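Chains, contacts and geometry: an overview
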Number of protein chains: 2
Amino acid sequence: MNTYEKTIKNKNIYTGKVVTLDIETVILPNDKIAEREIVRHPGAVAILPIDNSGNIYFVKQYRKAIDSELIEIPAGKLEAGEEPIECALRELQEEVGYTSNKLTYITRIFTSPGFADEKIYIFKAEDLRKSKLNKDDDEFINIYKYKVDEAFEMIKNGEITDAKTIIAMLTIFKL
Amino acid sequence: MNTYEKTIKNKNIYTGKVVTLDIETVILPNDKIAEREIVRHPGAVAILPIDNSGNIYFVKQYRKAIDSELIEIPAGKLEAGEEPIECALRELQEEVGYTSNKLTYITRIFTSPGFADEKIYIFKAEDLRKSKLNKDDDEFINIYKYKVDEAFEMIKNGEITDAKTIIAMLTIFKL
């Protein structure tokens, strides 16, 4: 079955610093007209940093969208023209204060394809070297270290609920 | 470190059929003022249906947000007042034409906590019974069956990139 929807009109509702909201008018495969609400996002990277003792570095920060603190692997938005690997090294330094001599691309995921175009590139960072914690003045995060088994326990018991973090853990250690 | 951001103003930019966009003005932990772009979504369920022969049912559909077809497990938005388990049974019937006599709650995930509140409840559906394909007239999807090993191969080789689908597969079969 053909599932393609051709856009016949695009209306920009809002252009923000992080997201853009567009309403696209489309022709469905049955020739009916429909509207799609599309959130555009610059894309992001997420990095699972693991040291030589098997500690994984996580960040815990308040997320306004869900009005709660969340445990995540370090991550951040791509800047204009920035390559995912550069972004990964930048965020690793800004959020946990490390550089990596062995950064491996793992996979890329679409987080919410029903309404958003966000794509996240996932990396594994090994051979970590302490660096200056070159942090963003307006970013407030706490850093935690957990062993691989502890982190899997936290996924099982629901303490870790962030999609990119679960995917990084499972893809790197279980796939 | 305290990471909480108190909202002092909420401005609604758009209220759509799927998403709502708000701009929240917040006080950061350092007392500076900042704005957060927040996409509100009703939440969703995703269901991994597996039959007694070990076939998993996937749906492939065009997603306007990413301008591409995507392979996903059946999923759908929560309707007002609907329990996740009811929604799971409804979507299983609408998208693949099955009911399940053994629906197991697996976990819930936040897909994009940096800008959206979307939460997805993941279920495993077993003991499947053919039902009427009670489909939505304006939904165009193709159904595919893959064995567990084939699906993992598709995650490894990048044919499956949808976050909820990867998490369901890995959490159900590898955790």
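Residues numbered from 1 in each chain as written. Chains lettered and ligands numbered in written order. Predicted model: local features only at pLDDT ≥ 70, side-chain atom pairs only at ≥ 80, totals over all residues. Heavy atoms only, no water.

1. Section: the relation of the copies chain B and chain A
For the pair chain B and chain A, the relating rotation is 180 degrees, the translation along its axis is 0.0 Å, and the fit reaches an RMSD of 0.0 Å. What the rotation and shift describe, once combined, is the action of a two-fold rotation axis. Using C-alpha coordinates, one finds that chain B approaches the rotation axis most closely at T111(B), a distance of 2.7 Å. Residue by residue, 100% of the interface of chain B is reproduced at the interface of chain A, so both copies engage with the same surface. (Least-squares fit on C-alpha atoms with pLDDT ≥ 70 in both. Contact = heavy atoms within 4.5 Å.)

2. Observations regarding the packing of helix 2 (residues 148–156) of chain A against helix 3 (residues 163–174) of chain A
All names here are of chain A. Running from N to C, helix 2 and helix 3 cross one another at 130 degrees; their axes reach a closest spacing of 11 Å. It follows from the interaxial angle that helix 2 and helix 3 lie oblique. Classified by chirality, the crossing of helix 3 by helix 2 is left-handed. Taken together, the residues of helix 3 that come into contact with helix 2 (itself represented by V148, A151, F152 and I155) are I166, M169, L170, F173 and K174. For the contact of helix 2 with helix 3, the per-class residue count stands at 8 nonpolar, no polar and 1 charged. (Axes fitted to C-alpha atoms, helices over the stretch in contact; angles between N-to-C directions. Helix = DSSP H or I, 4+ residues; strand = E, 2+ residues; numbered from the N terminus. Parallel < 35°, antiparallel > 145°, perpendicular 65-115°, else oblique. Left-handed = near helix turned anticlockwise from the far one by under 90°. Nonpolar A, V, L, I, M, F, W, Y, C, P; charged D, E, K, R; others polar.)

3. A closer look at the packing of aromatic side chains
All names here are of chain A. Applying the stated criterion to the full structure yields 12 aromatic pairs over all chains. Between Y144 and Y146, the aromatic rings sit 6.2 Å apart at their centres with planes inclined by 5 degrees, giving stacked as the arrangement. Take Y146: its relative accessible area is 17%, and that puts it in the buried class. Here the aromatic rings of F152 and F173 are separated by 6.3 Å at their centres, their planes lie at 85 degrees, and the arrangement is edge-to-face. A residue pair is termed long-range when its members are at least 10 positions apart, and F152 in helix 2 and F173 in helix 3 qualify at 21 residues. Its relative accessible area of 30% is what places F173 among the partly exposed residues. (Phe/Tyr/Trp six-rings, centres within 6.5 Å; stacked < 30°, edge-to-face > 60°. Buried < 20%, exposed > 50% of the residue type's maximum accessible area, 1.4 Å probe, protein only.)

4. Digging into the sheet that holds strand 2 (residues 20–27) of chain A
All names here are of chain A. The strand order 1-2-3 describes an open sheet built from 3 strands, whose pairing is antiparallel. The sheet is open, and its two borders are formed by strand 1 (6–15) and strand 3 (33–40), each paired with just one other strand. Each strand axis lies, on average, 20 degrees off the axis of its neighbour in the sheet, ignoring direction. With 8 bridges joining them, strand 2 and strand 3 adopt antiparallel strand pairing. (Pairing = 2+ DSSP bridges.)

5. Observations regarding the domain arrangement of chain A
When the domains of chain A are assigned, the result is domain 1 (6–40) and domain 2 (44–109 + 120–173). The straight-line distance from the C-alpha centre of domain 1 of chain A to that of domain 2 of chain A is 32 Å. (Domains from an automatic or database assignment.)

6. Section: the nonpolar core
In terms of nonpolar packing, the biggest core is built from 52 residues, with L48(A), F58(A), M169(A), L48(B), F58(B) and M169(B) touching the most fellow members. Apart from residues lying up to four places away in sequence, F58(B) is in contact with I71(B), E72(B), I73(B), N142(B), I143(B), Y144(B), Y146(B), A151(B), I160(B), T165(B) and M169(B). Among the nonpolar cores identified, the runner-up in size contains 16 residues, and A88(A), V96(A), F123(A) and I141(A) belong to it. (Core = buried A, V, L, I, M, F, W, Y, C linked by side-chain atoms within 4.5 Å.)

7. Considering a negative patch on the surface
Residue and element names in this part refer to chain A. On the surface, a cluster of negative charge is contributed by D149, E150, E153 and E159. Position of E159 among the secondary structure elements: in the loop between helix 2 and helix 3. You can call E159 partly exposed: its relative accessible area is 46%. (Patch = residues over 30% accessible without salt bridge, like charges linked within 9 Å, V, L, I, M, F, W, Y side chains within 5 Å. Areas by Shrake-Rupley, 256 points an atom, 1.4 Å probe, with all protein chains shown as cover. Salt bridge = Lys/Arg side-chain N within 4 Å of Asp/Glu carboxyl O. Lys, Arg positive; Asp, Glu negative; His and termini not counted. Charge placed at Lys NZ, Arg CZ, Asp CG, Glu CD.)

8. Digging into the pattern of salt bridges
One side chain can pair with another of opposite charge once the charged atoms of both are near each other. All names here are of chain B. Counting across every chain of the model gives 28 salt bridges over all chains. Residue R36 is joined to E5 by a salt bridge in which the shortest nitrogen-to-oxygen separation is 2.8 Å. Here the residue R36 occupies a position in strand 3 (residues 33–40), and E5 occupies one in the segment before strand 1 (6–15), the gap between them amounting to 31 residues. The class of E5 is buried, set by a relative accessible area of 6%. For the salt bridge of E126 with K102, the shortest nitrogen-to-oxygen distance reads 3.5 Å. Taken as a pair, E126 in strand 9 (residues 119–130) and K102 in strand 8 (residues 98–110) lie far apart in primary sequence, 24 residues in all.

9. Considerations on the confidence of the model for chain A
It should be kept in mind that the predicted coordinates are not to be read in detail where pLDDT is low. Here chain A averages 96 in pLDDT, while 100% of its residues score no lower than 70. Predicted complex metrics record ipTM = 0.97 and pTM = 0.97. (pLDDT = per-residue confidence, 0-100.)

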